[in-house]
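Chain residues, written in single-letter form:
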Amino acid sequence: MDDAKREQARNYMRFVGGYRLKGYWHHLVDPVTKTFPAGYRFEQIVSRYEFDRELRALTMMAIERMEVAVRVVMANHLSLKHSPHWFLDGSLFRQGRRQGAAELVAKIEGEVDRARDKTFVKHYFSRYSEPYLPPSWLVCECVTFGLWSRTYQFLKNPDDRKAISRRFSVDATEVFESWIHTLTVVRNMVAHSGQLLRVTLGVAPKDYRKAGIRFSDSKSFYAVATVINYLLRQTGLPLEWSKQLKALFGKYPGVDLAEIGFPIDWGHRPG
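Heads up: these notes are all about the structure in this document. (Residues numbered from 1 in each chain as written. Predicted model: local features only at pLDDT ≥ 70, side-chain atom pairs only at ≥ 80, totals over all residues. Heavy atoms only, no water.)

1. So, the overall build of the protein
What counts, and what does not: For helices the rule is a DSSP run of H or I covering at least 4 residues; for strands it is a run of E covering at least 2, with both sets numbered from the N terminus onward. When a residue's accessible area, from a 1.4 Å probe over protein chains only, is under 20% of the maximum for its type it is buried; when over 50% it is exposed; and in between it is partly exposed.
From N to C terminus, the protein includes 11 helices and zero strands. In the protein, the succession of α and β elements from N to C terminus is α-α-α-α-α-α-α-α-α-α-α. In terms of overall dimensions, the protein has C-alpha extents of about 70 × 45 × 35 Å along its principal axes. Within the span of the protein, comprising 271 residues, buried residues form 44% of the whole.

In structure tokens form, the structure reads like this:
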């Protein structure tokens, strides 16, 4: 190893850390001899780490697009059908979930209070004292994706749930519910620099058989990538997730795509 590569290795140890890097190489070490495969280089570990880092960045960008889309579709539909302050109407939520609905309102109260210095929040409170919370199109700029996922889960009227999911070309509301829940979990994971390579996710999106989407491993990153791609395509917004993945895979040919659950024919599968 020349001096430049040695210094780069030191920098990875200093600023990424040996423990974090271990997540990308521990499976390669012989359990008996405790040695790497013959000829294995530190640069290969770095390549695996950088692949995972760039995959997280792409995933975060795509989920951010979906987060905005989901909350706007929900806010628009429920505001037009019920009222701009639909979230204050407990009758819209399923029985047995009223406590959950109350917790949602409490969460909205807290998030709006934390956002009081934002211009759009100040504008509302400078003009109105009632209702005591802003309308949902303003609220959706304050609260988390997870809150919108739980709100969808709590909605009582199946027509509301279906109207929202159909905007994304998903007829099965239980599928859509599992998909957006999956995205919220993965969003939090990548936001906190969680590893995607060789990781079994703690959440599983459901198959959408009507579209031919079936997962042999629903807790793989491939399942998440398929959900993202399908939903993004329904928005018609400019983010070419599939092409971006292909470019990333081409940049790191040494990474086996099976390590993130991708089958060999992934580019030709439904979704």
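2. Some thoughts on empty space enclosed by the protein
The rolling of a water-molecule-sized probe over the atoms marks out the regions of remaining empty space. Going by this rule: Here the term cavity refers to a set of points on a 1 Å grid, laid over the protein atoms alone, in which a 1.4 Å probe fits but cannot get out; the term pocket refers to an open set having protein on both sides within 12 Å along at least five of seven lines, with lining residues being those that place an atom within 4 Å of a point. Grid points are joined across faces, edges and corners, and a volume is the space filled by probe spheres set on the points. Residues are sorted three ways: Asp, Glu, Lys and Arg are charged, Ala, Val, Leu, Ile, Met, Phe, Trp, Tyr, Cys and Pro are nonpolar, and all the rest, Gly among them, are polar.
The tally for this structure, following the rule as stated, stands at one cavity of 30 Å³ or more. Its boundaries defined by the atoms lining it, the largest cavity holds a volume of some 70 Å³. For the lining of the largest cavity, the secondary-structure elements that each account for two or more residues are helix 4 (98–114) and helix 7 (145–154). Tallied by class, residues from the lining of the largest cavity come to nine nonpolar, one polar and no charged.

3. Describing the pattern of salt bridges
Stated precisely, the cut-off is as follows: Salt-bridge detection follows one rule: a side-chain nitrogen of Lys or Arg within 4 Å of a carboxyl oxygen of Asp or Glu.
All told, the structure shown has 21 salt bridges when counted by the stated rule. When the shortest N-O distance is used, the salt bridge between E259 and R48 registers 2.8 Å. With a gap of 211 residues between them, E259 in the segment after helix 11 (241–251) and R48 in helix 3 (residues 42–81) connect regions that are remote in the sequence. Residue classification places E259 among the buried positions, given a relative accessible area of 14%. In this structure, a network of salt bridges that share partners links the residues E67, R71, E141 and R187.

4. Points about the packing of helix 7 against helix 9 (residues 173–191)
We count it as follows: In this description, a line fitted to the C-alpha atoms serves as the axis of each element, helices being fitted only across the stretch in contact, and the angle between N-to-C directions of two axes falls anywhere from 0 to 180 degrees. Angle categories: roughly parallel below 35 degrees, roughly antiparallel above 145, roughly perpendicular from 65 to 115, and oblique for all the rest. With the far helix as reference, a near helix turned anticlockwise by less than a right angle produces a left-handed crossing, and one turned clockwise produces a right-handed crossing. In what follows, residue pairs with any heavy atoms lying within 4.5 Å of each other are defined as contacts.
Direction vectors running N to C along helix 7 and helix 9 enclose 160°, while the axes themselves pass 9 Å from each other. Judged on the interaxial angle alone, helix 9 and helix 7 are roughly antiparallel. Judged by the twist between their axes, the crossing of helix 7 over helix 9 is left-handed. Residues F145, G146, S149, Y152 and Q153 of helix 7 form the contact with helix 9, whose participating residues are T173, F176, E177, I180, H181, L183, T184 and R187. Across the contact of helix 7 with helix 9, the residue classes tally to five nonpolar, six polar and two charged.

5. Notes on the layout of surface pockets
Estimates place the volume of the largest pocket at around 220 Å³. N229, S242, W266, R269 and G271 are the residues nearest the centre of the largest pocket, which is lined by 15 residues in total. Elements with a minimum of two residues in the lining of the largest pocket: helix 10 (221–235) and helix 11. Of the residues assigned to the lining of the largest pocket, the class counts are seven nonpolar, five polar and three charged.

6. Observations concerning the side chain of E50
Our working rule: Side-chain atoms alone can form a polar contact between residues adjacent in sequence; in general such a contact is a pair of N or O atoms within 3.5 Å, and within protein one must be able to donate a hydrogen while the other accepts it.
Relative to the elements of secondary structure, E50 occurs in helix 3. Look at E50 and you get buried, because its relative accessible area is 14%. In terms of polar contacts, E50 uses its side chain to reach the side chain of R53, at 2.7 Å. For E50, the contacting residues outside a window of four places in its chain are Y12 and Y252.

7. Side note on the packing of aromatic side chains
Here is the rule we go by: Two aromatic rings, drawn from Phe, Tyr or Trp (for Trp, its six-membered ring), form a pair once their centres lie within 6.5 Å of each other, and the interplanar angle then sorts them: stacked below 30 degrees, edge-to-face above 60, tilted otherwise. Note on geometry: a ring has a charge over it if NZ (lysine) or CZ (arginine) is within 6 Å of the ring centre and within 35 degrees of the ring normal.
This model, assessed by the stated rule, comprises 21 aromatic pairs. Consider the rings of F51 and F249, whose centres lie 6.1 Å apart with planes at 35°: the pair is tilted. Linking F51 in helix 3 with F249 in helix 11, this pair joins segments that are 198 residues apart in sequence. With relative accessibility at 9%, the residue F249 sits in the buried group. An angle of 20° between the planes, with centres 5.5 Å apart, marks the rings of F168 and F176 as stacked. Residue F168 is classed as buried on the basis of its relative accessible area of 2%. Residue class for F176 comes out buried when judged on its relative accessible area of 0%. Every member of this aromatic cluster is reached through a ring pair, and the members are F51, F221, Y222, F249, Y252, F262 and W266. Stacked on the ring of F125, the Lys or Arg R116 has its end atom at 4.2 Å from the ring centre.

8. So, unusual backbone geometry
Cis rather than trans, the peptide bond between E130 and P131 has omega equal to -10°. Even without a glycine there, the phi angle at K34 is positive, about 60°. Mapped onto the secondary structure, K34 falls in the loop between helix 2 (18–22) and helix 3. Overall, K34 belongs to the exposed group, its relative accessible area being 62%. Phi is positive for S193, which is not a glycine, with a value near 60°.

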